[in-house]
Amino acid sequence: PGASSTEEAEAEAEAARTARESKAKEAEAARVALEEKARELEAAELASDEKGRLAAEAKATYHHHAWLERVALSAAQEKGKEAESARAAADEKAREAAQAHAAIDDESIELQDEAEEAADKPPAAAEADGGAPLPPPPAPKPTSALAKSIAEGW
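These figures come from a predicted structure and were not determined experimentally. By convention here, each chain's residues receive numbers from 1 onward along its written sequence. For a predicted model such as this one, the threshold for reporting local features is a pLDDT of at least 70, and the threshold for listing and counting side-chain atom pairs is 80 or more; totals across whole chains, interfaces and linings nevertheless cover every residue. Neither water nor hydrogens contribute to the side-chain values; these are computed over all heavy atoms in the structure.

Right, let's get into the overall build of the protein chain. Runs of H or I in DSSP of at least four residues are treated as helices and runs of E of at least two as strands, each being numbered from the N terminus. When you go through the protein chain residue by residue, the secondary structure sums to three helices and zero strands. Tracing the protein chain from N to C terminus, the helices and strands come up as α-α-α. The buried label applies to any residue whose accessible area, calculated with a 1.4 Å probe on protein chains only, is under 20% of its type's maximum; exposed applies above 50%, and partly exposed to all values in between. Counting only residues that meet the buried cut, the protein chain has 5% of its 154 residues in that class. In short, Shrake-Rupley with a 1.4 Å probe defines the accessible areas, and a residue's cover is counted only from the protein chains shown. Carbon together with sulfur atoms contributes 60% to the accessible area of the protein chain, which is approximately 12600 Å² in total.

So, on to a nonpolar patch on the surface. Patch membership needs two things, relative accessible area over 30% and no salt bridge, and members are linked within 9 Å if like-charged or within 5 Å if nonpolar (Val, Leu, Ile, Met, Phe, Trp, Tyr). The salt bridge definition used is simple: a Lys or Arg side-chain nitrogen within 4 Å of an Asp or Glu carboxyl oxygen. The grouping of Trp67, Leu68 and Val71 at the surface amounts to a nonpolar patch, some 270 Å² of accessible area in total. Relative to the assigned elements, Val71 resides in helix α1 (residues 2-120). Given the relative accessible area of 40%, Val71 is considered partly exposed.

Next up on the list: the pattern of salt bridges. One pass over the structure, following the stated rule, counts eleven salt bridges. With a closest N to O distance of 2.4 Å, Arg31 and Glu28 form a salt bridge. Residue Arg31 and its partner Glu28 are located together in helix α1, separated by three residues, close to a single helical turn. Overall, the relative accessible area of 38% leaves Arg31 in the partly exposed class. Here Glu28 falls in the partly exposed class, since its relative accessible area comes to 39%. Within this structure, Glu14, Arg17 and Glu21 form a network of salt bridges that share partners.

Our next topic: a negative patch on the surface. Charged residues are defined here as Lys and Arg on the positive side and Asp and Glu on the negative side; His and the ends of the chain fall outside this count. Note that the charge is assigned to NZ on lysines, CZ on arginines, CG on aspartates and CD on glutamates. Taken together, the side chains of Asp105, Asp106, Glu107, Glu110, Asp113, Glu114, Glu116, Glu117 and Asp120 present a region of like negative charge at the surface. Mapped onto the elements, Glu110 comes out in helix α1.

Another point: the confidence of the model for the protein chain. The predictor attaches a confidence to each residue, and that confidence, scored 0 to 100, is pLDDT. Mean pLDDT for the protein chain: 85, with 78% of residues reaching 70 or above. Across the protein chain, element-level confidence peaks in α1 with a mean pLDDT of 92 and bottoms out in helix α2 (residues 123-130) with 56.

If you want it as structure tokens, here you go:
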């Protein structure tokens, strides 16, 4: 009877040792799995941080581009106002120049008419009007360069 209880005790000890080894292997596998999960969690956290950083960068870039668009639009509107003002000033100068040309043309026509009338009268008739000698020849008709310089002076 003693031998069988020793064998039983040895068998039980062997079973307990085997169970401990099995439990140790399970514990080691669980530890490795936990470490892997921890690495995955850390990688996910890093990826999340990177996504957050990229999202913040994208938002900042979007706002910067929107600001640039507003600045460009404002500058374009200002240039448009300046161009409209310059166009109005140029139109006014053109009107003034046209008036100056018209005045010069009118005066030139009057002088030419007077010269033609004087030329049509014989010298005796001119002296008979008032006894004055014939008037000097008419002034030369203004050239376009003269008219232009007068208009530009205005």
